Amino acid sequence: MSDASDLNEALQGAGIDTLAVRAGQVRSDEGEHSEALYLTSSYVFADAQEAADRFSGDQPGNVYSRYTNPTVRTLEARIAALEGAESAVATASGMAAILATCMAFLQAGDQVVCSRSVFGTTTVLFTKYMSRFGVETVFVDPTDFDQWQAGISTNTKLVFVETPSNPLCDIVDIARLADVSHQAGALLVVDNCFCTPALQKPLEFGADIVVHSATKYIDGQGRCLGGLVVGAQVHIEEVLGFIRSAGPTMSPFNAWVFLKGLETLRLRMDAHSANAMALARWLEAQPAVEKVFYAGLAHHPGHALAAKQQRGFGGVLSFRVKGGREQAWQVIDATKILSLTANLGDAKTTIVHPATTTHGRLSDAQRAETGITENLIRIAVGLEDVQDIQADLERGLTLI
Ligand SMILES: *Cc1c(COP(=O)(O)O)cnc(C)c1O
């Protein structure tokens, strides 16, 4: 069972935990058990003929790590297997994955239709940079299908969505959005960062491309930056072409860390989800809490849809305290265990005030429109004992 093609055959139809631990591994002659870390920028050839054949592409194999690296390739094969895709390519960060996707499929005159509830830097990329090259972006309320339908036209080349959204956990019907996108001849790109393939596989619902910030749950322990683009071979070839020419390649060291992260992905995602569910229910019972946003709660407008297209509800929730900014800050500042940081997808629980940090760039009107009120707090629930997270939040909540 050492040959790579034997392994691939044996893994056909394997479960997610098996794929997360095994898919894509190619052992060297040294017989290493853990995936080898090929920390090398270039490769040597046996003779001039081999060099010529590798450069021309007549012979497959490594030339330079901006093109291919065995450790990075193992990660790419593994994430493709987990998402149920033909192919994947790794990038230096999540934003590099989104940029590479844009560069692969867009040109001047094209239009993008994007959910207005996406990662802040994604919005900046579209509004400030893609616009310079004649690409126009229309932003829509992700839960309002009339807006998607009105926005998407034959000029639309990419439709971009995050589900669940950050921080209010809005859920978008991926299958329905894929239909509308395909009718217009556009590709549907889903940023699957919040769920990971452990909880949601957008390609199964008709999405064309999945992008990830591997920096979050795929690492899971806040160590490395990385991104992934996943999809059909024909699409990934286009993205790969840009990455090879422009250079936002993933470091082999980071790829190795992400491989280790993936091994526990499903276990962690289930634990994050269980902790978030318990915390959401507890928060709802607190007199100082006005409203909790978590798709795991039966009254959340996206609950039924999330239950249909996700295996679990994930680790991110938000809630409004009674009062305004002062009361929200009071709760945040009273915590002693939680980490005050905008990051998420970490074993350590993080807490943040979106209106003055992650969503601080928005105008007051935009924040009002998207529900990012001054009394809103976002929590990316980690893997600590949930009663300790609750006790840490109670310190400030009892002051209100
Ligand atoms: C963090 C994040 C990104 C950007 O990823 P980086 O690795 O920080 O570049 C994109 N989308 C979502 C949903 C994110 O949370």
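Given the structure is predicted, the values throughout are model-derived calculations rather than measurements.

The rules behind the values
- Here the residue numbers are simple positions, counted from 1 along each chain's written sequence.
- With pLDDT at 70 or above as the cut-off, local features in this predicted model cover only qualifying residues; side-chain atom pairs require 80 or more to be listed or tallied, and sums for whole chains, interfaces and linings still use all residues.
- Values reported for side chains reflect all heavy atoms of the structure, with hydrogen atoms and water molecules removed beforehand.
- For helices the rule is a DSSP run of H or I covering at least 4 residues; for strands it is a run of E covering at least 2, with both sets numbered from the N terminus onward.
- It only takes one pair of heavy atoms within 4.5 Å for two residues to be counted as in contact.
- Each polar contact in these results corresponds to two N or O atoms within 3.5 Å; when the atoms are within protein, one needs to be able to donate a hydrogen and the other to accept it, and residues that are neighboring in sequence are counted only if both atoms are side-chain atoms.
- Domain borders in the structure are assigned automatically or taken from a domain database.
- Put simply, buried area is how much 1.4 Å-probe accessible surface two parts lose in total, over both of them, once they are put together.
- Each salt bridge in this description consists of a side-chain nitrogen of Lys or Arg and a carboxyl oxygen of Asp or Glu lying within 4 Å of one another.
- Under the scheme applied here, ten amino acids are nonpolar (Ala, Val, Leu, Ile, Met, Phe, Trp, Tyr, Cys and Pro), four are charged (Asp, Glu, Lys and Arg), and all others, including Gly, are polar.
- Per-residue accessibility, obtained with a 1.4 Å probe over protein chains only, is compared with the maximum for each type, and a residue is labelled buried under 20%, exposed over 50%, and partly exposed between these values.
- Following DSSP output, two strands are said to pair if at least two bridges run between them.
- Look down the strands so they point away from you; if going from the first strand over the helix to the second traces a clockwise path, that crossover is right-handed.
- Near is defined per residue: the residue qualifies when any heavy atom it owns lies within 4 Å of the molecule or strand.
- Residue-level accessible areas treat just the shown protein chains as cover; the underlying method is Shrake-Rupley with a 1.4 Å probe.
- Note that His is not counted, nor are the chain ends; the positive residues are Lys and Arg, and the negative ones are Asp and Glu.
- Axes, fitted as lines to C-alpha atoms, cover a helix only where it is in contact. Angles between the N-to-C directions of the axes lie from 0 to 180 degrees.
- Orientation is classified from the angle alone, with under 35 degrees giving roughly parallel, over 145 giving roughly antiparallel, 65 to 115 giving roughly perpendicular, and any other angle giving oblique.
- By convention, the crossing between two helices is left-handed when the near helix turns anticlockwise from the far helix through less than a right angle, and right-handed when the turn is clockwise.
- Surface patches are drawn from residues lacking salt bridges whose relative accessible area is over 30%; two like charges belong together within 9 Å, two nonpolar side chains (Val, Leu, Ile, Met, Phe, Trp, Tyr) within 5 Å.

A.B. asks: Before we move on, could you go through the environment of threonine 373 and cite the residues and values that matter?
C.D. replies: Inspection of the secondary structure puts threonine 373 in the loop between helix 15 (364–370) and strand 12 (376–380). Each C-alpha atom, one on threonine 373 and one on glutamate 204, is 35 Å from the other, the two residues being 169 residues apart in sequence. Sequence-distant contacts of threonine 373, that is, excluding residues within four places in its chain, are made with Arg320 and Ala355. In this structure the side chain of threonine 373 is engaged in a polar contact, spanning 2.8 Å, whose partner is the side chain of arginine 320.

A.B. asks: Describe the domain arrangement of the chain, naming the residues involved and giving the relevant values.
C.D. replies: Per the domain assignment, the segments of the chain are domain 1 (5–262) and domain 2 (266–397). Summed over both partners, the interface of domain 1 with domain 2 comes to about 2900 Å²; 57% of that surface belongs to carbon and sulfur atoms. The largest share of the area that domain 1 buries against domain 2 comes from Leu168, Leu199 and Tyr217, three residues that together contribute 26% of it. Across the domain 1-domain 2 interface, the total number found is two salt bridges. Counting every contact that joins domain 1 to domain 2 gives 15 residue pairs in polar contact (both at pLDDT 80 or more). When residues of the side of domain 1 that touches domain 2 are traced back to their parent elements, those giving at least two are helix 2 (16–22), helix 6 (120–129), helix 9 (196–199) and helix 11 (252–263). Looking at the side of domain 1 that touches domain 2, its residues break down into 17 nonpolar, ten polar and six charged.

A.B. asks: Describe the pairing of strand 2 (residues 111–115), naming the residues involved and giving the relevant values.
C.D. replies: Strand 2 sits mainly inside the fold: five of its five residues count as buried. The alternating pattern of strand 2 places Gln111, Val113 and Ser115 and Val112 and Cys114 on opposite faces, both of which are buried. Of the pairings in the sheet, the one linking strand 2 to strand 3 (residues 136–140) comprises five bridges and is parallel in character. Looking at the pairing, cysteine 114 lines up with phenylalanine 139 of strand 3. Chirality of the crossover, the property in question, places the unit of strand 2, helix 6 and strand 3 among those that are right-handed. As paired elements, strand 2 and strand 4 (residues 156–162) share four bridges and run parallel to each other. What sits directly across from valine 113, in strand 4, is valine 159.

A.B. asks: An account of the site of the ligand is requested, with residue identities and associated values reported.
C.D. replies: The local shell around the ligand consists of Ser93, Gly94, Met95, Phe119, Glu162, Asp191, Cys193, Phe194, Ser213, Thr215, Lys216 and Gly226. Here an oxygen atom of the ligand and a side-chain polar atom of serine 213 are 2.8 Å apart. Protein coverage of the free-state accessible area of the ligand, which is 380 Å², stands at 92%. Here the residues of the shell around the ligand sort into four nonpolar, five polar and three charged.

A.B. asks: Explain the sheet that holds strand 8 (residues 289–293) to me, and be specific about the residues and the numbers.
C.D. replies: The five strands lie next to each other as 8-9-12-11-10, forming an open sheet whose pairing is mixed. Strands with a single pairing partner mark the edges of an open sheet, and in this sheet they are strand 8 and strand 10 (339–340). In the sheet, strand 10 pairs with strand 11 (residues 350–352) via two bridges, with the strands oriented parallel. By the bridge assignment, leucine 340 is partnered in strand 11 with isoleucine 351.

A.B. asks: Outline the side chain of arginine 320, supporting the account with residue identities and numerical values.
C.D. replies: Relative to the helices and strands, arginine 320 is located in strand 9 (residues 316–321). Despite its burial, arginine 320 pairs with no opposite charge, the nearest such side chain being glutamate 290 at 4.7 Å. With sequence-adjacent residues up to four places away left out, arginine 320 is seen in contact with Val289, Glu290, Lys291, Phe293, Gly371, Thr373, Asn375 and Leu376.

A.B. asks: Summarise the sheet that holds strand 1 (residues 87–91); cite the residues concerned and give the values.
C.D. replies: One open sheet holds the seven strands; their spatial order is 1-7-6-5-4-2-3, and the pairing between them is mixed. Only two strands of the sheet have a single neighbouring strand rather than two, namely strand 1 and strand 3. Here the average twist between neighbouring strands, direction ignored, is 20°. As judged from the five bridges shared by strand 6 (residues 209–213) and strand 7 (residues 227–231), these two strands associate in the antiparallel manner. Each bridged residue has a counterpart across the sheet, and for isoleucine 209 the counterpart in strand 7 is glycine 231. In this fold helix 8 (residues 174–183) packs onto strand 4 and strand 5 (187–191), with an angle of close to 150° to the strand it touches most, strand 5.

A.B. asks: Can you explain the packing of helix 14 (residues 325–334) against helix 16 (residues 386–397)? Please cite residues and give values.
C.D. replies: The contact between helix 14 and helix 16 brings their axes to 7 Å, and the two run at 135°. The angle between helix 14 and helix 16 places the two elements in the oblique class. Crossing of helix 14 over helix 16 shows right-handed handedness. Between helix 14 and helix 16, the contacting residues are Gln330, Val331 and Ala334 on the first element and Asp392, Leu393, Arg395, Gly396 and Leu397 on the second. Its residues assigned to classes, the contact of helix 14 with helix 16 shows four nonpolar, two polar and two charged.

A.B. asks: Which residues make up a nonpolar patch on the surface, and what are the values?
C.D. replies: Together, Leu37, Leu39 and Phe253 make up an exposed nonpolar region whose accessible area comes to about 280 Å². Among the structural elements, leucine 39 can be located in the loop between helix 2 and helix 3 (48–56).

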